[in-house]
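# Survey of secondary and tertiary structure
If you want the building blocks of each chain, they are given just below.
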Amino acid sequence: NAIDLNADGNVDYVYGGDLLGNVWKFDLSASQSSSWAIAYSGKPLFSAKDKNGAAQMITGGVLATQEPKTGQVWLFFGTGRYLNLDDPSSNQPQSWYGLIDQSLIKERTELSQRLLTNVEGGRLISKVTALEDNKKGWYIDLIDTRERIVDIPVMVGHELVMNTTIPDTNVCNPSGSGYVMAVEPYTGSGLKYNYFDINNDGVFDGKDQLTSGTTK
């Protein structure tokens, strides 16, 4: 994904991920292409790893946006792969990330965790009022078996929307399942209002509210 910070019509930075979980920033802000380079002295801005320390593949792309209030560049992406024949059976934990591009992020501990819970009728994401002090972003660990993210997230209005994929283990069956989730992009918080018409009555109201209840 590319971003033009000074709105002059020219790309300043390009971001991308790789199969080793690395997020790269390419600096194209110089007027001469001979001066273009990989930012952060050629090091990845961040390397996505699961809770066990294993690298998480990035195949869906990286979305770059600017926070309206601060002008900070944020990067959003998910991890996982669904390309090879053996990919559907992978049980590796995957995650959804939101990162601030201001310095290298060496460990997950530099990010705030948001908790995901399956409940009757949908999902809940922990709600917060602000990003915690000194944190460089947030992450959400996916919780269903074989769940992964293989698409780029999108901004819809002021919200960040992402869909996940849970493939069938039978590679001859292309069907599967997944979730569509929305969060406040610059905190990773679950939304404080009903974004989805859960009961499909054409109205977004209190009847669409999910409660903690019994998890699936």
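For the structure, see preceding data.
Now for a look at the structure at hand.

## Some details on the overall build of the protein chain
When its secondary structure is counted, the protein chain shows 0 helices and 17 strands. Counting the 216 residues in the protein chain, one finds 40% classified as buried. A separation threshold of at least 6 residues defines the contact pool for the protein chain, and within that pool the share at least 24 residues apart is 57%. Within the structure as shown, the protein chain displays about 11,300 Å² of accessible surface, and the carbon and sulfur contribution to it stands at 51%.

## Side note on the sheet that holds strand S13 (residues 154-156)
Pairing in this open sheet of 3 strands is antiparallel, and the strands run S13-S14-S17 from one edge to the other. With one partner strand each, in any of the chains shown, S13 and strand S17 (180-183) form the two edges of the open sheet. For this sheet, the mean inter-axis angle between neighbouring strands, taken without regard to orientation, is 35°. With 3 bridges connecting them, S13 and strand S14 (residues 159-163) associate as antiparallel partners. Across the sheet, residue methionine 155 finds its bridge partner in S14, namely leucine 160.

## With respect to the environment of glycine 17
Inspection of the secondary structure assignment puts glycine 17 in strand S2 (residues 13-17). Ignoring any residue separated from it by four or fewer positions in sequence, one finds glycine 17 in contact with Asn22, Val23, Ile58 and Val62.

## Some thoughts on the packing of aromatic side chains
In total, this model carries 8 aromatic pairs according to the counting rule given. Relative to tyrosine 186, the ring of phenylalanine 76 lies with its centre 6.2 Å away and its plane at 50°, an arrangement referred to as tilted. Of this pair, phenylalanine 76 sits in strand S7 (residues 73-78) while tyrosine 186 is found in the segment after S17, placing the two residues 110 residues apart along the sequence. We classify tyrosine 186 as buried; its relative accessible area is 10%.

## Details of the pattern of salt bridges
Overall, the coordinates contain 7 salt bridges when judged by the stated rule. Note that lysine 25 and aspartate 101 form a salt bridge whose closest N and O atoms lie 2.9 Å from each other. Placement of lysine 25 in strand S3 (residues 22-27) and of aspartate 101 in the loop between strand S8 (95-100) and strand S9 (112-114) is noted, with a sequence separation of 76 residues between them. Of the two residues, lysine 25 and aspartate 101, neither departs from the other in class, the shared state being buried. In this structure, the salt-bridge partner of arginine 81 is aspartate 87, at a minimum N-O distance of 3.0 Å. Each member of the pair, arginine 81 as well as aspartate 87, is classed as buried.

## Quick notes on unusual backbone geometry
Despite not being glycine, alanine 7 has its phi angle at roughly 55°, a positive value. Looking at where alanine 7 falls in the secondary structure, it is placed in the loop between strand S1 (2-3) and S2. A relative accessible area of 67% places alanine 7 in the exposed class. For tyrosine 40, which is not glycine, the phi dihedral falls at a positive 60°. Note on placement: tyrosine 40 falls in the loop between strand S4 (37-38) and strand S5 (46-47). Tyrosine 40 sits in the partly exposed class, given a relative accessible area of 22%.

## Describing the sheet that holds S7
Here we have 5 strands laid out as an open sheet, ordered S6-S7-S8-S12-S9, and mixed in their pairing. A single partner strand is all that each edge strand has here, and the edge strands are strand S6 (63-66) and S9. Averaged over all pairs of adjacent strands, the angle between strand axes in this sheet comes to 20°, irrespective of strand direction. When S6 meets S7, the two strands line up antiparallel, connected through 4 bridges.

What counts, and where the lines are drawn
- Residues numbered from 1 in each chain as written.
- Predicted model: local features only at pLDDT ≥ 70, side-chain atom pairs only at ≥ 80, totals over all residues.
- Heavy atoms only, no water.
- Helix = DSSP H or I, 4+ residues; strand = E, 2+ residues; numbered from the N terminus.
- Buried < 20%, exposed > 50% of the residue type's maximum accessible area, 1.4 Å probe, protein only.
- Contact = heavy atoms within 4.5 Å.
- Areas by Shrake-Rupley, 256 points an atom, 1.4 Å probe, with all protein chains shown as cover.
- Pairing = 2+ DSSP bridges.
- Axes fitted to C-alpha atoms, helices over the stretch in contact; angles between N-to-C directions.
- Phe/Tyr/Trp six-rings, centres within 6.5 Å; stacked < 30°, edge-to-face > 60°.
- Salt bridge = Lys/Arg side-chain N within 4 Å of Asp/Glu carboxyl O.

By themselves, these figures tell us nothing about what the structure is for.
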